[in-house]
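Chain and residue survey
The residues making up each chain are set out below.
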Amino acid sequence: MADQIIMAFINGILLGGVLALLAFGLNLIFGVVKIIHMAYGQFVMLGFYLIYSFNAIFHIPLVPAMLLGIAAMALLGVLTQLLLINPLLNAPRLNQLLALASLIIVLENLAMIIWGADYRGIPLTLPIINIGEVFIRSSYLIAFIGAIVVLGLLYLFLHRTYLGLAIRATAQDLEMAEGMGINPRIVYYVTLAAGGALTGVVAAFFVPIYTVHPHFGSSFTIMAFVIVVFGGMGNLLGGFISAFIIGVATSVAAVLYTNELADILALILFVLVMLVRPQGLLGVRA
Amino acid sequence: MLKVDGIDIFYGEFRALEAVSLKVEAGQTVIVVGPNGAGKSTLLRGISGLQRTRKGAVYFHDERIDTLRAYRIVEKGISLVPEGGRAFPYLSVEDNLRAGAYNRNARGYAKEGFEQIYDLFPILAKRRRQMAGSLSGGERQMLAIARSLMSKPKLILLDEPSLGLAPLVVDLVFEFVQKMKKEGYSILLVEQNANRALRIADYAYLVESGKLVFEGNRQDFDKNPYIKTAYLGL
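Residues numbered from 1 in each chain as written. Chains lettered and ligands numbered in written order. Predicted model: local features only at pLDDT ≥ 70, side-chain atom pairs only at ≥ 80, totals over all residues.

Right, let's talk about the overall build of chain A for a bit. When its secondary structure is counted, chain A shows 11 helices and 2 strands. Going residue by residue from the N terminus, the α and β elements of chain A occur as α-α-α-α-β-β-α-α-α-α-α-α-α. For 286 residues, the compact-globule formula gives about 19 Å, and the C-alpha radius of gyration of chain A, at 19 Å, lands near that figure. If one aligns the C-alpha atoms of chain A with their principal axes, the spans along those axes are about 60 × 50 × 35 Å. The proportion of buried residues among the 286 residues of chain A is 46%. (Helix = DSSP H or I, 4+ residues; strand = E, 2+ residues; numbered from the N terminus. Rg over C-alpha atoms; globule rule 2.2 N^0.38 Å. Buried ≥ 20, exposed ≤ 12 C-beta atoms within 10 Å, placed from the backbone.)

Listed below in structure tokens is the structure:
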């Protein structure tokens, strides 16, 4: 049992890395565009299907198929900005939420029409690493390392480039950013492209771990949302930390009880934190 | 160089500015005084493109700019230092300055800009890795002015730079405004502190409830009995 809990703990950390990536994207979009991307998990689902189709149907080798999937998701992010968010930028918040929530239904039904309800996946066998009685799936390890590398690259992008500076400035004070000569529309497009590409990256890391179905994204939408609110909306560091907390909590709970109960526990944990600290772990009270 | 020609600005149904016209010639320091809520800040926001005008026009070097977006206006050489400075709180001092040099005409000069700024404001050099939000009010005001200088402006719009600062710091800010004037920058300064601002002005306007009610040089202001009692406390 102790071994199982250690294993679950490690898996939770490893999965937490990928969740951190998801939370980062959601946070970035919220921080910069001030919009809650309700269909973020569905983007991951779509990215997964695209990679699957490129590889299994069009016979493109796996890694190029993944890169293509990431590029396609970046483009979808830009299209979301252009067709859905731009027209609603000054609309009441509820209208924005409903529009993006409706995207959930659009994407899930689209997936149902195109790929059907069956589970789809790319069969891959990656080795399992064992240290004593503890077994670690290398697919988890690759996803974790990859996620940390991508997060590092994002950090460098935000802190070492002019475009990154423009994104940070816009997130803090839109008006003043414009007063510096920053075109907010361009910043929004770049943010949505990055956010879209991130869902593609997450999907690529999920390919060796999961199979996909039309409702694959919904649990990740909730998970990402819980993590982001848990850490403090718009706070990138808070999202990073809470991704690991939620990752470990659900993973350990799944071993102790069941998967279904683990998700419930994560949400109970979430509600408790919201009661005690409504602004999230590292959030600032408005 | 700047000509504001009869502009109206509305916030919803509320008319904040009505038929306001003014001019700033190259190298001049022009001030706008008036009570709180008279529309002084709105005027600067209108010129810099952060607030749309509903009537009238704004020209800069004979080019109409009130139809341009704010990020284009700064490229033309007009830079706003808003009330309170509004430095980006979670950016370092250095990143704030870098943001100032974001526009395409300034970016190439960022490197020498940094040297000049750190010469002018040694305190900013000392604090350059610190978050702007952790600076004192006076330092933040300096940073906001420095950030504006990084944008290679020809005209600087200063909104109440002395507001909320200790008297010694206010002296410093005004000293600095005069220094900028000597460097050849044109300045449009909005102030409640009429006495102080008039001393450095080439020309001045008085705004009350969104309308221009008086204009002239320092002597004209000093001689006007209404202004003397209402604004100069003489």
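This next bit is on the overall build of chain B. A tally of helices and strands in chain B yields 10 helices and 10 strands. In terms of overall size, chain B behaves like a compact globule, its C-alpha atoms giving a radius of gyration of 17 Å where 234 residues would be expected to give roughly 17 Å. Along the three orthogonal principal directions, the C-alpha set of chain B runs to about 50 × 40 × 30 Å. When the 234 residues of chain B are sorted by exposure, 46% land in the buried category. A sequence separation of at least 24 residues applies to 67% of the contacts in chain B between residues at least 6 apart. (Contact = placed C-beta atoms within 7 Å.)

Before going further, it helps to spend a moment on the sheet that holds strand 1 (residues 2-11) of chain B. Picture the strands of a sheet paired through backbone hydrogen bonds; they go either parallel or antiparallel. All names here are of chain B. Across the sheet, which stays open at both edges, the 4 strands sit in the order 2-1-4-5 with antiparallel pairing between neighbours. Both outer strands of the open sheet, strand 2 (14-24) and strand 5 (63-64), are each paired with one neighbouring strand and no more. Seen against the sheet, helix 1 (residues 40-48) touches strand 1, strand 2 and strand 4 (55-60) and runs at an angle of roughly 70° to strand 2. (Pairing = 2+ DSSP bridges. Axes fitted to C-alpha atoms, helices over the stretch in contact; angles between N-to-C directions.)

Averaged over chain B, the pLDDT score is 93; the fraction of residues at 70 or greater is 100%. Note on the complex model: pTM 0.92, ipTM 0.92. (pLDDT = per-residue confidence, 0-100.)

What follows deals with the environment of Ala262 of chain A. Residue and element names in this part refer to chain A. Looking at the secondary structure, you find Ala262 in helix 11 (residues 259-276). Note on Ala262: 19 C-beta atoms within 10 Å, which makes it partly exposed. Along the chain, Ala262 and Ala101 lie 161 residues apart, while their C-alpha atoms are 25 Å from each other. Each residue touching Ala262, except ones within four places of it in the same chain, is listed here: Thr250, Ala253, Ala254 and Tyr257.

A word on the interface of chain A and chain B. At the interface, 15 residues of chain A touch 19 residues of chain B. Of all the secondary-structure elements, those providing two or more residues to the side of chain A that touches chain B are helix 6 (162-172) and helix 7 (174-179) of chain A. Tallying contributions element by element places helix 6 of chain A first for the side of chain A that touches chain B, with 6 residues. For the side of chain A that touches chain B, the per-class residue count stands at 7 nonpolar, 4 polar and 4 charged. (Nonpolar A, V, L, I, M, F, W, Y, C, P; charged D, E, K, R; others polar.)

This brings us to the sheet that holds strand 9 (residues 203-208) of chain B. All names here are of chain B. As summarised here, the arrangement of the 6 strands in space is 6-7-8-3-9-10, forming an open sheet in which the pairing is mixed. For this open sheet the edge positions go to strand 6 (78-81) and strand 10 (211-216), each flanked by a neighbour on one side alone. Each neighbouring strand pair of the sheet contributes to a mean axis angle of 20°, computed without reference to strand direction. Here strand 7 (residues 155-159) pairs with strand 8 (residues 186-191) via 5 bridges, running parallel.

This brings us to unusual backbone geometry. Notably, His59 of chain A is not glycine yet its phi reads approximately 55°, a positive angle. Tracing the backbone through its elements, the reader meets His59 of chain A in the loop between helix 2 (40-57) and helix 3 (62-85). C-beta crowding within 10 Å serves as the criterion here: with 8 such atoms nearby, His59 of chain A is assigned to the exposed category. Backbone geometry places Ser209 of chain B, a non-glycine residue, at a positive phi of 40°. Along the polypeptide, Ser209 of chain B turns up in the loop between strand 9 and strand 10.

Our focus in this paragraph is the pairing of strand 6 of chain B. Residues and elements named next belong to chain B. Burial along strand 6 is two-sided: Ile78 and Leu80 facing one way and Ser79 and Val81 facing the other are all buried. Pairing between strand 6 and strand 7: 4 bridges, direction parallel. If you follow Ser79 over to strand 7, its bridge partner there is Ile156.

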